[in-house]
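Understanding the architecture of this molecule
Listed here are the chains, written in short residue letters.
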Amino acid sequence: MLNIGGINQGIVIDHIKAGGAMKIYSYLDLENKDCSVAVIKNARSNKMGKKDIIKIEGTLDDIDLDILGALDHQITIDVIENGIIVEKKNPKLPDHVNNVLKCKNPRCITSIEQGLVHSYKLTDRANGVYRCVYCEQAFDRR
Amino acid sequence: MKHIISPTDLTVSELDELLTLAEEIIQNPKKFSEVCRGKKLATLFYEPSTRTRLSFEAAMLNLGGSILGFSSADSSSASKGESVADTIRVISSYADICAIRHPKEGAPLVASNYSSIPVINAGDGGHNHPTQTFTDLLTIKNLKGRLDKLTVGFCGDLKFGRTVHSLINALVRYEDINFVLISPEELRVPAYIREEVLDAHNISYEETRKLEAAMPKLDILYMTRVQKERFFNEEDYIRLKDTYILEEKKMTLAKKDMLVLHPLPRVNEIATEVDDDPRAVYFKQAQFGVYVRMALIMKLLEVENA
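Residues numbered from 1 in each chain as written. Chains lettered and ligands numbered in written order. Predicted model: local features only at pLDDT ≥ 70, side-chain atom pairs only at ≥ 80, totals over all residues.

Some thoughts on the overall build of chain B
Regarding its fold elements, chain B presents 11 helices and 9 strands. The C-alpha radius of gyration of chain B comes to 19 Å, within 12% of the 19 Å expected for a compact globule of 306 residues. Overall size of chain B, expressed as C-alpha extent along the three principal axes, is 55 × 45 × 40 Å. Evaluated residue by residue, chain B yields a buried proportion of 45% over its 306 residues. Residue pairs at least 24 apart in sequence account for 77% of intrachain contacts in chain B once pairs closer than 6 positions are excluded. (Helix = DSSP H or I, 4+ residues; strand = E, 2+ residues; numbered from the N terminus. Rg over C-alpha atoms; globule rule 2.2 N^0.38 Å. Buried ≥ 20, exposed ≤ 12 C-beta atoms within 10 Å, placed from the backbone. Contact = placed C-beta atoms within 7 Å.)

Shown next as structure tokens:
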């Protein structure tokens, strides 16, 4: 079993669908942040079989963590202060997200029109389904 | 100012008003022949279409208005790389209202975001075609006298057929609507329509492969063409294109007052022998298309009734 130490101050993004950690890493631009990051992939999970986890030591200002729900609606976020969990969050799925999800439908106007905001709306809250406002194709998280 | 991008951009009561106005126009077209005098409709057709473009143009001319536009991307500045957003900003200063057809899904929505005149979606790829849906609804309402308490059969390509998806979306808003979805396995209605539209509205529907078995139940039979341009693989198209052919023999199984609709163009899915059957109303449907577009132009331009 792989062991990663606990963190003192920061957040743990847990229950990321296996294989999805790097997308979140990239969205949060963690590479350019002044914090230590551990990305754990394919961790065992009773609930999910396999999952990814990101542990971030440090503070992430100006980040709307709810947006992460649009990227993966199952994730949970633990806020850690002085080594203990002070808050557990399930991101609320925002009704709209702009320029977070990119439409990959080659028939969509976003594939040819420069400078368009890639805009998604939530159409099925229970299953976390987002659809492109232009072509209405559901965002494929694979 | 209102745009029409999707068939559900009009509420049920707005739609009622639209269809009522269209029926007034049917009763007395002359009364409306000058109501748009001095107004201009721009038809921005980035892909070829005969029927829809001419129907829009006929509608505006019938109202006494004028038309301008282009009928393919090659003959527009799109061929020079101009964006939809820029084109519509310019066209807004030339015309009072525009109808746009574009091969890319969502292009009319982009246009509406930058336009200072009402934008009507005249078809965006395989996505929406609201004026076809309004045409279908006017045809049903005018010839059946109602839009509720109907069993509607859709037959053919229910997977790629945008007219089918749009009409389903529009009809689920009425009471006591049942659907019979007749298609080969490969061309079934997509799962998201079943889950997010039919199940979400508690609509009763059945899926079947057998057109004959469904015929006696139907108040409306909506036939569709299997569209070659939607297939990536020609073999699949050839295998599926002749799955359903409606001919006189099958029509004998139907109710005496069932209506056969088709968005046209048809290829061979309705035998020409059916054309003379009074229940075959697809050519009337094309005529209704002009009336409903006349009504829509009047509503969007907020033109007073004559």
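Some points on the overall build of chain A
Per the secondary structure count, chain A includes 2 helices and 8 strands. Whereas a compact globule of 142 residues would reach a radius of gyration of roughly 14 Å, chain A reaches 16 Å, a difference of no more than 12%. Each principal axis of the C-alpha atoms in chain A carries an extent, and together these give about 45 × 30 × 25 Å. Looking at chain A as a whole, 24% of its 142 residues qualify as buried. In chain A, the share of contacts with a sequence separation of at least 24, taken over all contacts with a separation of at least 6, comes to 61%.

Examining the sheet that holds strand 8 (residues 129-132) of chain A
All names here are of chain A. Taken in spatial order, the 3 strands line up as 6-7-8 in an open sheet, and their pairing is antiparallel. For this open sheet the edge positions go to strand 6 (96-98) and strand 8, each flanked by a neighbour on one side alone. Averaged over all adjacent pairs, the angle separating strand axes in this sheet is 35°, with direction ignored. Here strand 7 (residues 119-124) pairs with strand 8 via 4 bridges, running antiparallel. When the sheet's bridge partners are listed, Tyr120 is paired in strand 8 with Cys132. (Pairing = 2+ DSSP bridges. Axes fitted to C-alpha atoms, helices over the stretch in contact; angles between N-to-C directions.)

Section: the pairing of strand 7 (residues 204-208) of chain B
Across 5 bridges, strand 6 (residues 177-182) of chain B lies against strand 7 of chain B in parallel orientation. If you follow Phe179 of chain B over to strand 7 of chain B, its bridge partner there is Tyr205 of chain B.

Description of the sheet that holds strand 8 (residues 220-223) of chain B
All names here are of chain B. Read across the sheet, 5 strands follow the order 7-6-5-8-9 without closing on themselves; strand pairing throughout is parallel. Among the strands making up the open sheet, the edge pair consists of strand 7 and strand 9 (259-261). In this sheet, adjacent strand axes meet at a mean angle of 20° when their direction is disregarded. The pairing of strand 5 (residues 150-155) with strand 6 spans 6 bridges and is classified as parallel. By the bridge assignment for strand 6, Leu150 is matched with Ile177.

So, the nonpolar core
Residues and elements named next belong to chain B. Of all hydrophobic cores here, the largest spans 112 residues; its most connected members are Cys98, Tyr222, Met294 and Ile297. Of the residues forming this core, the biggest block, 10 residues, is contributed by helix 11 (residues 282-301). In this structure Ile297 touches Cys36, Leu41, Ala59, Met60, Leu63 and Ile97, once residues within four positions along its chain are discounted. (Core = buried A, V, L, I, M, F, W, Y, C linked by C-beta atoms within 7 Å.)

What to know about the domain arrangement of chain A
One frequent convention defines the size of an interface as the accessible area lost when the parts assemble. All names here are of chain A. Domain annotation for chain A reports domain 1 (10-89) and domain 2 (96-132). Distance from the C-alpha centre of domain 1 to the C-alpha centre of domain 2: 23 Å. The biggest single contributor to the side of domain 1 that touches domain 2 is helix 2 (residues 67-71), with 3 residues. Its residues assigned to classes, the side of domain 1 that touches domain 2 shows 4 nonpolar, 1 polar and no charged. (Domains from an automatic or database assignment. Nonpolar A, V, L, I, M, F, W, Y, C, P; charged D, E, K, R; others polar.)

Quick notes on helix 6 (residues 162-171) of chain B
Residues and elements named next belong to chain B. Within helix 6, 9 of the 10 residues are buried, leaving the element largely enclosed by the surrounding structure. Among the residues of helix 6, those classed as buried are Arg162, Thr163, Val164, His165, Ser166, Leu167, Ile168, Ala170 and Leu171. Where helix 6 is buried, its residues touch helix 5 (130-144), strand 5, strand 6, helix 7 (191-199) and strand 8.

As for the packing of helix 1 (residues 12-27) of chain B against helix 5 of chain B
Residue and element names in this part refer to chain B. Where helix 1 meets helix 5, the closest approach of the two axes is 10 Å, and the angle between their N-to-C directions is 65°. Relative to helix 5, helix 1 is oriented roughly perpendicular. Between helix 1 and helix 5 lies a crossing whose hand is right-handed. Only Phe134, Leu137, Leu138, Lys141 and Asn142 of helix 5 make contact with helix 1, whose side of the interface consists of Leu15, Leu18, Leu19, Ala22 and Glu23. Residue classes in the contact of helix 1 with helix 5 are distributed as 7 nonpolar, 1 polar and 2 charged. (Parallel < 35°, antiparallel > 145°, perpendicular 65-115°, else oblique. Left-handed = near helix turned anticlockwise from the far one by under 90°.)

Concerning the pairing of strand 2 (residues 66-70) of chain B
Residues and elements named next belong to chain B. Bridge analysis of strand 1 (residues 40-45) against strand 2 gives 5 bridges, and the strand direction is parallel. Across the sheet, residue Thr43 finds its bridge partner in strand 2, namely Gly69. As for the winding sense of the linkage, the β-α-β connection from strand 1 through helix 2 (residues 51-62) to strand 2 is right-handed. (Right-handed = clockwise from strand over helix to strand, strands pointing away.)

Considerations on the packing of helix 2 of chain B against helix 11 of chain B
Residues and elements named next belong to chain B. The geometry of helix 2 relative to helix 11 is characterised by a closest axis approach of 8 Å and an angle of 55° between their N-to-C directions. One finds that helix 2 runs oblique with respect to helix 11. The way helix 2 lies across helix 11 gives a crossing that is right-handed. Contacts from Arg51, Ser55, Phe56, Ala58, Ala59, Met60 and Asn62 in helix 2 reach Ala286, Gly289, Val290, Arg293, Met294 and Ile297 in helix 11. Looking at the contact of helix 2 with helix 11, its residues break down into 8 nonpolar, 3 polar and 2 charged.

A word on the domain arrangement of chain B
Residues and elements named next belong to chain B. Taken domain by domain, chain B consists of domain 1 (7-130 + 289-301) and domain 2 (131-285). On a C-alpha basis, the centroid separation for the pair domain 1 and domain 2 is 25 Å. Contact residues are listed per partner, giving 21 residues for domain 1 and 19 residues for domain 2.

A look at unusual backbone geometry
Residue Pro265 of chain B is bonded to the preceding Leu264 of chain B through a cis peptide linkage, with omega at 0°. Backbone geometry at His15 of chain A places phi at a positive 55°, although glycine is not the residue there. Within the secondary structure, His15 of chain A is located in strand 1 (residues 10-17). With 17 C-beta atoms packed within 10 Å, His15 of chain A lands in the partly exposed category.

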